[in-house]
Amino acid sequence: MAGKGSNADCMSCSVLNWEQVSRLHEVLTEVVPIHGRGNFPTLKITLKDIVQTVRNRLSEAGIVVHDVRLNGSAAGHVLVKDNGLGCKDLDLIFQVSLPSEAEFQLVRDVVLRSLLNFLPEGVSKLKISPVTLKEAYIQKLVKVYTECDRWSLISLSNKHGRNVELKFVDCIRRQFEFSVDSFQIILDSLLFYYDYSETPMSEHFHPTVIGESMYGDFEAAFDHLQNKLIATKNPEEIRGGGLLKYSNLLVRDFRPMDKDEIKTLERYMCSRFFIDFPDILDQQRKLETYLQNHFSKEERSKYDYLMILRRVVNESTVCLMGHERRQTLNLISLLALKVLAEQNIIPNATNVTCYYQPAPYVSDVNFSNYYLANAPVPYSQSYPTWLPCN
């Protein structure tokens, strides 16, 4: 468990122990491939090197980096190794000032030019422009500039879904969805150690590293992560309501901390999700992108995830018209069937409902030989195999 120290005298902070610092060192020094599109070579980087390069270049450009933090699932992995969430995207947060559009552009150019340092030897860098580097290595570029949120995200591409995400934050209203993903680890003391110390780290000689939980209570969030508990605050403030992440936690055997409160929270999650994604095509794009980003190596979990999501939407959606709700449920069902088809899995027919849509001529008043059953006919014998609809 992380221990408390004099530098972490607030509820949201704690000092990492040696085991956690050692695991953090492994994360920062692991070589991560950044895959280029087309004929561009793969870049081999470490988080330590990319952070130091970008931070130095930003300083040279006149942008002060107040601190650098490891965020998300990587931070959770450092704190609790086998926590059920894995260590996928490698998220880094640079705390900077972004008062105008010029700073956003400068940050982007600095990051792109920093990639030149990681090109293999023998590659000519003279004619490679920032635009070319963006097309070759950037998976995603995001800029948010409002009264309450000023930040940008540059995601470096990894074809195995382990993207390196550099986030430059001036201010942001909400930095977490659930308590278990609320952790940030401040890297400055360790980066300083890398720069100025030649003595290998050990249990008795290593820098003091501080972790912080944006949830507000580090010990409570740490306990949730250790025991696979689901807790959040004001899910209606989260873009998408945290609905997709909540279903992701459920499929990984996390359980709600408060079973009575969770039903209310589920309704808030669904309401915010449909506010942010009211159109069925937007919902489809969001779901497909989420599956691609979070289940790239977990094909067999996709179906279970979609069935959990469908259950939550079915039970907790109160803000939609009936046909809109059915439309979303049908979308999730179709995605689930697509997952089964891609995996060539035949589901157990006892868990499958097959719907028949009557042909158009059934509504014809002259057609009277069509029998519609009012209720399903019970069968004494169950058939566990998939029966084709011929």
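Note: the structure precedes this text.
Residues numbered from 1 in each chain as written. Predicted model: local features only at pLDDT ≥ 70, side-chain atom pairs only at ≥ 80, totals over all residues. Heavy atoms only, no water.

Q: Would you take a moment to explain the packing of aromatic side chains for this structure?
A: For any two aromatic rings, the description comes down to two numbers: the centre-to-centre distance and the angle of the planes. Taken as a whole and judged by the stated rule, the model has 13 aromatic pairs. With a centroid separation of 6.3 Å and an interplanar angle of 25°, the aromatic rings of Phe 178 and Tyr 246 are classed as stacked. Of this pair, Phe 178 sits in the loop between β8 (164-171) and β9 (183-186) while Tyr 246 sits in helix α8 (residues 243-251), placing them 68 residues apart in sequence. In this pair, the class of Phe 178 matches that of Tyr 246, namely buried. The ring of Phe 104 carries Lys 143 above its face, with NZ or CZ at 5.8 Å from the centroid. Directly above the aromatic system of Trp 151 lies the positively charged group of Lys 167, at a separation of 4.4 Å from the ring centroid. (Phe/Tyr/Trp six-rings, centres within 6.5 Å; stacked < 30°, edge-to-face > 60°. Helix = DSSP H or I, 4+ residues; strand = E, 2+ residues; numbered from the N terminus. Buried < 20%, exposed > 50% of the residue type's maximum accessible area, 1.4 Å probe, protein only. Lys NZ or Arg CZ within 6 Å of the ring centre and 35° of its normal.)

Q: It is not clear to me how the environment of Asp 276 should be interpreted in this structure. Could you clarify?
A: Counting through the fold element by element, Asp 276 comes out in helix α9 (residues 261-276). Residue classification places Asp 276 among the buried residues on the basis of a relative accessible area of 16%. Placed 37 residues apart in sequence, Asp 276 and Arg 239 show a C-alpha to C-alpha distance of 6.8 Å. Apart from residues lying up to four places away in sequence, Asp 276 is in contact with Ile 238, Arg 239 and Gly 240. At 2.7 Å, the side chain of Asp 276 forms a polar contact with the side chain of Arg 272. (Contact = heavy atoms within 4.5 Å. Polar contact = N/O pair within 3.5 Å; in protein donor to acceptor, adjacent residues only side chain to side chain.)

Q: For this particular structure, what's the right way to read unusual backbone geometry?
A: Leaving glycine out, the prevailing phi sign among residues is negative, and the prevailing peptide bond configuration is trans. In this structure, Asn 234 takes a positive phi of about 45° despite not being glycine. One can find Asn 234 in the loop between β11 (229-230) and α8. Looking at Asn 234, the relative accessible area reads 40%, which means it is partly exposed. Unusually for a residue other than glycine, Asp 253 sits at a positive phi of about 70°. Position of Asp 253 among the secondary structure elements: in the loop between α8 and β12 (255-256). The exposure class of Asp 253 is exposed, given its relative accessible area of 59%.

Q: I keep staring at the pairing of strand β6 (residues 138-145) and nothing clicks. Help me out?
A: Remark: a regular strand shows side chains that alternate across the two faces of the sheet. Pairing analysis gives 7 bridges linking β6 to strand β7 (residues 150-156), with the strands arranged antiparallel. Residue pairing across strands places Ile 138 opposite Leu 156, the latter belonging to β7. Once β6 ends, the chain turns through 4 residues before running back antiparallel as β7. (Pairing = 2+ DSSP bridges.)

Q: Which parts of the structure should I look at to understand helix α3 (residues 72-79)?
A: A turn of α-helix holds 3.6 residues, and therefore any two residues three or four places apart point the same way. With 7 of 8 residues buried, α3 is to be regarded as a mostly interior element. Those residues of α3 lying buried are Gly 72, Ala 74, Ala 75, Gly 76, His 77, Val 78 and Leu 79. Those residues of α3 that are buried lie in contact with α1 (18-29), β4 (67-71), β5 (90-95), β9 and α7 (218-227).

Q: Would you mind going over the sheet that holds strand β1 (residues 13-15) with me for this structure?
A: Working definition: the strands of a sheet are paired by backbone hydrogen bonds and lie parallel or antiparallel to each other. Ordered in space as β1-β10-β9-β4-β5-β8-β7-β6, the 8 strands form an open sheet in which the pairing is mixed. Of all strands in the sheet, those with a lone pairing partner are β1 and β6, marking the two edges. With strand direction ignored, the average angle separating the axes of adjacent strands in the sheet is 20°. Summarising the sheet, β4 and β9 pair through 3 bridges and their orientation is antiparallel. Bridge assignment links Arg 69 to a residue of β9, and that residue is Ile 186. (Axes fitted to C-alpha atoms, helices over the stretch in contact; angles between N-to-C directions.)

Q: What is the right way to look at the pairing of β7 in this model?
A: In terms of burial, β7 is largely enclosed, as 6 of its 7 residues are buried. Across 7 bridges, β7 lies against β8 in antiparallel orientation. Bridge pairing in β8 places Ser 152 opposite Phe 168.

In short, the description is geometric, and any link to function would need to be established separately.
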